[in-house]
Amino acid sequence: MNWLAQVFAVTATAIRTIPQRRGASLATVAGIAGVVAVLVGVLSIGEGFRSALRAAGSPQNALVMRTGSDSEMMSVLVGDTVEIIAQAPGIARGELAAGEPAAPLASAELFVVVDVPKKSTGTPANVPLRGVQPAAFATRPDLKITSGRKFEWGKNEVLVGEGAQKAFRGLDVGQRLKWGQNEWTVVGTFSAKGAVWESEIWTDARVLQPNYRRGNSFQTVVARLESEQAFDQFKDALTKDPRLDVQVQRETEYFGNQGRTLQGIVRKLGFLLAVLMGIGAVFGALNTMYSAVAARTREVATLRALGFGPGAVVVSVMAESMLLAAAGGVIGALLAWAFFDGYRTSTLNWDTFSQVTFAFDVTPALLVQGTVFALLLGLAGGLFPAIRAARLPVTAALREA
Amino acid sequence: MKFWPLLWSSLRRRKARTTFTLLSIVVAFVLFSYLAAVRVAFSAGVDVAGADRLFTTHKTSIIQPLPSSYQDQIARVPGVVLVTHASWFGGIYQDANKGFQGVFQGPVDPVGYLKMYPEFKVSDDQRKAWMEDREGVLVGETTAKRYGWKIGDRVPINGTFWRKKDRSTIWEFNIRGIYTGGKGVDTTQFLFHYDYFDEARELGQGIVGWYMVRIDDPKNTTAISKAIDAIFENSPAETKTVTEKALAQGFADQIGDIGAIIQWILAAVFFTLLLVTGNTIAQSVRERTNELAVLKTVGFSDATTLGLVLAESGLLAILGGGIGLGLGVMAVGAGDPTGGFLPIFYFPTKDLVLGVALVFLLGIVAGLLPAVQAMRLRIVDALRRA
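On a predicted model such as this, the values are computed, not experimentally measured, just so you know.

As a further point, take the overall build of chain A. On a plain count of helices and strands, chain A comes out with 13 helices and 16 strands. Scaling as 2.2 N^0.38, a compact globule of 401 residues should have a C-alpha radius of gyration of about 21 Å, whereas chain A reaches 30 Å, well beyond that. Residues classed as buried in chain A amount to 57% of the 401 residues present. Within chain A, counting contacts between residues at least 6 apart in sequence, those at least 24 apart form 77% of the total.

What follows concerns the interface of chain A and chain B. Each partner contributes to the interface: chain A provides 63 residues, whereas chain B provides 59 residues. Summed over both sides, the interface of chain A with chain B buries roughly 5100 Å², with 66% coming from carbon and sulfur. Ranking the residues of chain A by area buried against chain B places A:Met74, A:Phe283 and A:Asn287 at the top, with a combined share of 12%. For the pair chain A and chain B, the number of links is two salt bridges. One salt bridge in this structure joins A:Asp245 and B:Arg163, with 2.9 Å as the shortest N-O distance. Linking chain A with chain B are 13 residue pairs in polar contact (both at pLDDT 80 or more), by the criterion used here. Only α2 (22-54), β5 (106-117), β6 (124-132), α9 (260-295), β15 (344-349) and β16 (354-359) of chain A provide two or more residues apiece to the side of chain A that touches chain B. Among the elements that make up the side of chain A that touches chain B, the one with the highest residue count is α9(A) (19 residues).

What follows concerns the sheet that holds strand β1 (residues 53-58) of chain B. Residues and elements named next belong to chain B. The strand order across the open sheet built from four strands is β3-β10-β1-β11, with neighbouring strands paired in antiparallel fashion. Two strands close off the open sheet at either side, each with one partner strand: β3 (80-86) and β11 (239-243). Mean inter-strand twist for the sheet, computed between neighbouring axes without regard to direction, equals 25°. In terms of strand pairing, β1 meets β11 through five bridges, oriented antiparallel. Among the inter-strand pairings, Thr 56 is bridged to a residue of β11, identified as Thr 241. Contacting β1, β3, β10 (210-215) and β11, helix α8 (residues 221-231) crosses the sheet at an angle of about 165° to β11.

This paragraph deals with the sheet that holds strand β6 (residues 154-158) of chain B. Residue and element names in this part refer to chain B. Within the open sheet, the five strands sit side by side as β4-β8-β5-β7-β6. Their pairing is mixed. The open sheet terminates on both sides in strands that have one partner only, identified here as β4 (105-108) and β6. The average undirected angle you get between the axes of adjacent strands in this sheet is 40°. Both strand β5 (residues 136-140) and strand β7 (residues 170-179) contribute to a ladder of five bridges, which runs parallel. Paired with Val 139 across the strands is Ile 178, a residue of β7.

With that settled, the discussion passes to the domain arrangement of chain B. Residue and element names in this part refer to chain B. Looking at the assigned domains, one finds that chain B contains domain 1 (4-45 + 257-385) and domain 2 (48-255). Each of domain 1 and domain 2 has a C-alpha centre, and the two are 45 Å apart. Across the contact, 15 residues belong to domain 1 and ten residues belong to domain 2. Buried surface at the junction of domain 1 and domain 2, both sides included, amounts to about 1000 Å², of which 58% is carbon and sulfur. The tally of links between domain 1 and domain 2 comes to zero residue pairs in polar contact (both at pLDDT 80 or more). Among the elements that take part in the side of domain 1 that touches domain 2, helix α10 (residues 257-286) stands out by supplying three residues, more than any other. Here the residues of the side of domain 1 that touches domain 2 sort into eight nonpolar, six polar and one charged.

Attention now goes to helix α3 (residues 79-86) of chain A. All of the buried residues along α3(A) are A:Gly79, A:Thr81, A:Val82, A:Ile85 and A:Ala86. Looking straight down α3(A), one finds its buried side chains confined to an arc of 155°; they lie on one side.

Before going further, it helps to examine helix α13 (residues 349-376) of chain B. Residue and element names in this part refer to chain B. The terminal C-alpha atoms of α13 lie 40 Å apart, and with 28 residues this matches the ideal 40 Å at 1.5 Å per residue to within 8%. In α13, a bend of some 45° at Leu 368 exceeds every other bend along the element, and Pro 370, a proline, comes one to four places later. All buried positions along α13 are accounted for by Asp 351, Gly 355, Leu 358, Val 359, Leu 362, Gly 363, Ala 366, Gly 367, Pro 370, Ala 371 and Ala 374. If you follow the buried residues of α13, they end up packed against α2 (15-42), α10, α11 (289-297) and α12 (302-333).

To continue, consider the side chain of B:Asp351. Secondary-structure assignment places B:Asp351 in helix α13. Apart from residues no more than four positions distant in its own chain, B:Asp351 is found in contact with B:Phe32, B:Ala36 and B:Arg39.

The next thing to look at is the nonpolar core. Grouped together as the largest cluster of nonpolar side chains are 93 residues, with contacts concentrated most on A:Trp202 and B:Phe29. Among the elements that line this core, the one with the most residues is α2(B), at 17 residues. If we skip the residues at most four places from it in the chain, A:Trp202 touches A:Arg130, A:Val132, A:Ala136, A:Phe137, A:Arg140, A:Leu143, A:Phe151, A:Glu157, A:Val158, A:Leu159, A:Phe190 and A:Trp197. Residues B:Leu66, B:Phe100, B:Val137 and B:Phe190 belong to the second largest nonpolar core, which totals 38 residues.

Residues and elements named next belong to chain B. Remark: helix α1 (residues 4-11) packs on α12, axes separated minimally by 10 Å, with the N-to-C direction vectors making an angle of 60°. Judged by the twist between their axes, the crossing of α1 over α12 is right-handed. Listed contacts from α12 to Trp 4, Leu 6, Leu 7, Ser 10 and Leu 11 of α1 are Leu 308, Ala 311, Glu 312, Leu 315 and Leu 316.

So, about unusual backbone geometry. Positive phi, close to 55°, is recorded for A:Phe353, a residue that is not glycine. Residue class for A:Phe353 comes out partly exposed when judged on its relative accessible area of 24%. In this model, B:Thr160 sits at a positive phi of 40°, which is unusual for a non-glycine residue. Looking at the secondary structure, you find B:Thr160 in the loop between β6 and β7.

Moving on, we come to the pattern of salt bridges. Residue and element names in this part refer to chain A. Overall, the coordinates contain 28 salt bridges over all chains when judged by the stated rule. Here Glu 183 and Arg 176 are joined by a salt bridge, their closest N and O atoms 2.9 Å apart. What makes Arg 176 exposed here is its relative accessible area of 58%. The network of salt bridges with shared partners includes Glu 72, Glu 109, Arg 130, Arg 140 and Glu 200.

Turning next to the packing of aromatic side chains. Under the defined criterion, the tally for this structure stands at 51 aromatic pairs over all chains. Measuring from ring centre to ring centre gives 3.7 Å for B:Tyr70 and B:Phe232, while their planes differ by 15°; the resulting arrangement is stacked. One end of the pair, B:Tyr70, is in helix α3 (residues 70-75); the other, B:Phe232, is in the loop between α8 and β11, with 162 residues separating them in the sequence. B:Phe232 carries the same exposure label as B:Tyr70, and that label is buried. Seen in terms of ring centroids, B:Phe100 and B:Trp149 are 5.7 Å apart; in terms of plane orientation they differ by 75°. Their pairing is edge-to-face. Here B:Phe100 is found in the loop between β3 and β4, whereas its partner B:Trp149 is found in the loop between α6 (141-147) and β6, with 49 residues between them in sequence. B:Trp149 matches B:Phe100 in its accessibility class, with the two residues each being buried. Positioned above the aromatic ring of A:Phe137, the side-chain terminus of A:Lys150 is 4.2 Å from the ring centre. The residue whose ring lies beneath B:Arg201 is B:Trp162, and the NZ or CZ to ring-centre distance is 4.9 Å.

What counts and how
Residues numbered from 1 in each chain as written. Chains lettered and ligands numbered in written order. Predicted model: local features only at pLDDT ≥ 70, side-chain atom pairs only at ≥ 80, totals over all residues. Heavy atoms only, no water. Helix = DSSP H or I, 4+ residues; strand = E, 2+ residues; numbered from the N terminus. Rg over C-alpha atoms; globule rule 2.2 N^0.38 Å. Buried < 20%, exposed > 50% of the residue type's maximum accessible area, 1.4 Å probe, protein only. Contact = heavy atoms within 4.5 Å. Buried area = accessible area lost by both parts, 1.4 Å probe. Salt bridge = Lys/Arg side-chain N within 4 Å of Asp/Glu carboxyl O. Polar contact = N/O pair within 3.5 Å; in protein donor to acceptor, adjacent residues only side chain to side chain. Pairing = 2+ DSSP bridges. Axes fitted to C-alpha atoms, helices over the stretch in contact; angles between N-to-C directions. Domains from an automatic or database assignment. Nonpolar A, V, L, I, M, F, W, Y, C, P; charged D, E, K, R; others polar. Arc of directions from axis to C-beta. Expected span 1.5 Å × (residues − 1). Bend = angle between axes of the 7 residues up to and from the residue. Core = buried A, V, L, I, M, F, W, Y, C linked by side-chain atoms within 4.5 Å. Left-handed = near helix turned anticlockwise from the far one by under 90°. Phe/Tyr/Trp six-rings, centres within 6.5 Å; stacked < 30°, edge-to-face > 60°. Lys NZ or Arg CZ within 6 Å of the ring centre and 35° of its normal.

What follows is the structure, given as structure tokens:
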């Protein structure tokens, strides 16, 4: 009999007899499923967070901040700087209001936070409040008004992102908010294809400045470029200008680096969890496979007596272990997907000290990673029992049973 | 102890299985230790907050500054024992990937701050050295260790937001003291002189971030908070005064479900591991039915059989759980696994006690069913089955 046929025959027997070892096998599958579900679930938090930030960047947009700033929150740009930036070459021009002459599509913005109670707990959270200029909407074409209307320039009116509106209290259209000395009215909500802006409240920067006593200063300038290639020209012009002390980044680059702290926590905790749980699951699988080998001692010995080679026996034990692991991996990945994917929550983005609302994202890559991890566990759990099975002394094993 | 050899030989019956079961229990309890520490970390110190400390912040948001003149006004409120302030600095050490932005860096009033936080332990000569050097820094041991700083080191911090009058953002400080603290004390802070900071900064003179207020009796919290906020009502910078605990709880809530979800996950994993381990123990007893029948044949009573099986699972649980909790205490003590994102990271005694209880529970629950089965075993049935 050729080797391959042997392997198939023994493996088929091993797999057919799994139901006889139902308890232990189920425990292994459940153990590995748990590990994979947890791993994928934890990592999906990081993925969701990242995709909310990723969605925010456009390669055609440039973000200007003061040199050395790590986030929008940290930057300061005084009024005359902003004027110079808006006149730099490479910025697209467009009509900001009907009938007006084309102007540079650059929006100088303020980025502050305001305390708004979280719906889930009632305790105040740092909700980002962005003061913008008319070009803000042209620089973010994905932004759509979903209810109500835009705020009027110069008025104490705000537009609320859908994420913020769902997560925080008192942000429905028509409601009034008292921040400091002034009252603000929510006049509309907007969506932005899941981007981080949906967590924010927007208003006119000029109205916000006196409220946060920022005089004529801003924090960032977002500029829409004529094309993606215009970035270098724009950047050179600004960085070489002796009147300016600014750094220029593509918006995609900026948001790609944001959320480092939360992602660090999630990734490191996820890794730690995976290692610890993986060890636990491998022990579980080892136990199961050793018992499986023990239970099949007579069967294996009989096969060997009939002339089946040790290789076929090794493969059969490994195959059984991998099969259980694969089943566990797939179940675990699906569980993670069912429970975690799309789960909406909000958390503090340490880098900007403000809330970000986002949805957990179980990506296909995570599902694959989880299943591969399960197979590795199966491999580790099957190897030693397989070797033991292959080494069983035939005569002793036949007698033992 | 005359049954010891019997117990020992039944554990050695399948050495591999015993070892793996033991190791699974060890892993489960290491995980449990992390679970406890992560829970504390995400609750951001709610458990250790001082009951007699209040925080006065700007009403609209903590990022809005308050005038430094508020200090004297707050100090005059009846029941207020001590007032001091801190501000946000948020500088970068070397580059952003070093994570220094996540460390609380505060321009503070050195005398007032140490009085406010007596749990920060610093030797007298280091305290004196810090007070005397205007560019001096008092840094927590965790942060000092993380960046390899020693007394006398000069460290440049990029202030990013705060620049000096010469428009430079590089602030140089001298490490003058390293403070320590017991369980639950944040030993990551980087504290320097407000006077120096305020004089040197380009903008924003005369403002501080928030005030910390010590009161005479926690029972008066509500009245004193109201009295403080009433002073500044209708001023351009209205205030909001809450207890340190409420502030910590607020931050925990801001982090939100993520903390809770990670904890649920850890808990689920822990119990799954226990379940799987318990199942293995039970299974190993079931496999030995006929041996137990033999024991009974030679005269072991039902009670002794029950005791033997329970002792076996109990021994495994205590051994594994003991090692696991021991390793857990060491691992948690070695510091937070994220490298500084979770400043408060320790294994609370309360949870250690719970862990020990769970160890015993595991031993009993895993052994009970098979032990009862073993006790009820009828010799003839069992011997026939084999």
